[in-house]
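Secondary and tertiary structure notes
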Amino acid sequence: MIRSNSGAEMNNNIPVCEPLLGGREREYVLDALDSGWISSSGKYIAAFERAFASYIGVKHGIAVANGTVALHLALTALGIKKGDEVIIPDFTMIASAFAVCYTGAKPVFVDAEARTWNIDPSKIEEKVTTKTKAIMAVHIYGHPCEMNSILEISKKHDLKVIEDAAEVHGAEYLGKKCGNLGDIAGFSFFANKIATTGEGGMVVTNDDELAEKCRYFRNLCFPIKGERVHLHNDIGFNYRISNLHAAIGLAQVQKIDFYVARRRENNRFYREYLSEIPGITFQQELAGSKNVYWMNAIVIDRDAFGTSRNELKVKLKKEGIDTRYFFCGMHRQPSLVKYGCQRKGNYEVADWLAENGLYLPSGSGLSESEIERISGIIIKSAGR
Ligand SMILES: Cc1ncc(COP(=O)(O)O)c(C=O)c1O
């Protein structure tokens, strides 16, 4: 097993999330190196795409350089452009919004719902206008969005549904995997994700035409078939992934069930150790959903817990425990306000999450004894 910061382990520090490279990564990367295929051709790219698409249960996987460009590519394939609006959750990572901005369209924000922290479907319809072309369902921290309601609204208003599945490898909604619930989806394989390629991403879809468009735009709009002539009918992007990254990805997908099981187990341990402590809220797992707990995310109620989220972060840091604040709502992002997004509105759940949320260490290589130690410090911080 390769852990990226075995030094940190030795000095008792626990990072918030580090990759676990527990399979054939080294063998495959060395094989790719030896073969000489180190850029965007080579057997590992197609093998990685096939393996991951099959895991998600979709027809096509188009591997790319990262999760942000996977979303941009998916939106481009859907034909989203300047003058359009795309509904996104207010509580998300900035890449969801930026990907919409890259197309020239405007992201329109909807507040989160308090149990899963995902987009609140009951607040979507009031944001639909004649310019709305799509809804981006971002599955936050491992929990699927309430897709039936989102799909119903999209059908009623003739909207496309794109899933931002960056954080939910293996999560399920009514027995189907996230990434197989809308028209098209984007995954991230950044180093902190449940399966990683270091840097990397993938678009997945069941739609042949969308898949072909993604392959076309991914590679500077070189023609997909026939002679490679240097005439380009559209403005494309270089969003290709390298064979070396895909080699890591294939090895990760081969062990993905193990990584998902480890994330779920981590969450079970945290809940057990912290079950008696008031003022800590975990993300819920709703009936019919499988949460993969990409992050063990908690919300602190200062009065009930006895210490604020910020103070808790400092106390954990002093003991070598790394944590992160939650995302800050999109309506508060200066970049998006400058871009012309609407900042007014009621985003009280997103604000509550941003002010009180903390991710605890969550990597797949975390041990029960590490979780026990972290929980002990949390309990002590609360003065109990
Ligand atoms: C919800 C969400 N969308 C998109 C991304 C972007 O992925 P990447 O960092 O691979 O570009 C992330 C990354 O963490 C994310 O959490």
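Further up the page is the structure itself.
In this text the structure is predicted, and so the values were computed from the model without any measurement. (Residues numbered from 1 in each chain as written. Predicted model: local features only at pLDDT ≥ 70, side-chain atom pairs only at ≥ 80, totals over all residues. Heavy atoms only, no water.)

On to the sheet that holds strand β9 (residues 176-177), then. Taking strand neighbours across the sheet as the criterion, the three strands line up as β9-β8-β13 in an open arrangement whose pairing is antiparallel. Each having just a single partner strand, β9 and β13 (289-290) make up the two edges of the open sheet. (Pairing = 2+ DSSP bridges. Helix = DSSP H or I, 4+ residues; strand = E, 2+ residues; numbered from the N terminus.)

This part is about the environment of Arg 262. Tracing the backbone through its elements, the reader meets Arg 262 in helix α9 (residues 256-274). One polar contact links the side chain of Arg 262 to the main-chain carbonyl oxygen of Ser 364, over a distance of 3.1 Å. (Polar contact = N/O pair within 3.5 Å; in protein donor to acceptor, adjacent residues only side chain to side chain.)

Attention now moves to the packing of helix α4 (residues 67-77) against helix α5 (residues 94-102). Running from N to C, α4 and α5 cross one another at 40 degrees; their axes reach a closest spacing of 8 Å. Taken together, α4 and α5 sit at an angle that is classed as oblique. In this structure, α4 crosses over α5, and the sense of that crossing is right-handed. Of α5, the residues touching α4 (which contributes Thr 68, Leu 71, His 72 and Leu 75) are Ala 95, Ser 96, Ala 99, Val 100 and Tyr 102. Residue classes in the contact of α4 with α5 are distributed as six nonpolar, three polar and no charged. (Axes fitted to C-alpha atoms, helices over the stretch in contact; angles between N-to-C directions. Parallel < 35°, antiparallel > 145°, perpendicular 65-115°, else oblique. Left-handed = near helix turned anticlockwise from the far one by under 90°. Contact = heavy atoms within 4.5 Å. Nonpolar A, V, L, I, M, F, W, Y, C, P; charged D, E, K, R; others polar.)

Right, let's talk about the site of the ligand for a bit. Taken together, 14 residues are adjacent to the ligand, and Thr 68, Asp 164, Glu 167, Ser 188 and Lys 193 come closest. A distance of 2.5 Å separates an oxygen atom of the ligand from a polar atom in the side chain of Thr 68. A distance of 2.6 Å is found between an oxygen atom of the ligand and a side-chain nitrogen or oxygen belonging to Glu 167. Taken together, the elements giving at least two residues each to the shell around the ligand come down to α4 and α5. Top element by residues in the shell around the ligand is α4. It accounts for three residues. Across the shell around the ligand, the residue classes tally to five nonpolar, six polar and three charged. (Near = heavy atom within 4 Å.)

Between helix α3 (residues 43-56) and helix α8 (residues 243-254), whose axes approach to 8 Å, the crossing angle comes to 35 degrees. The handedness of the crossing between α3 and α8 comes out as left-handed. Taking contact as the criterion, the partners of Lys 43, Tyr 44, Ile 45, Ala 47, Phe 48, Ala 51 and Phe 52 in α3 are, on α8, Asn 243, Ala 246, Ala 247, Gly 249, Leu 250 and Val 253. Each residue belonging to the contact of α3 with α8 can be placed in one class, and the counts come to ten nonpolar, two polar and one charged.

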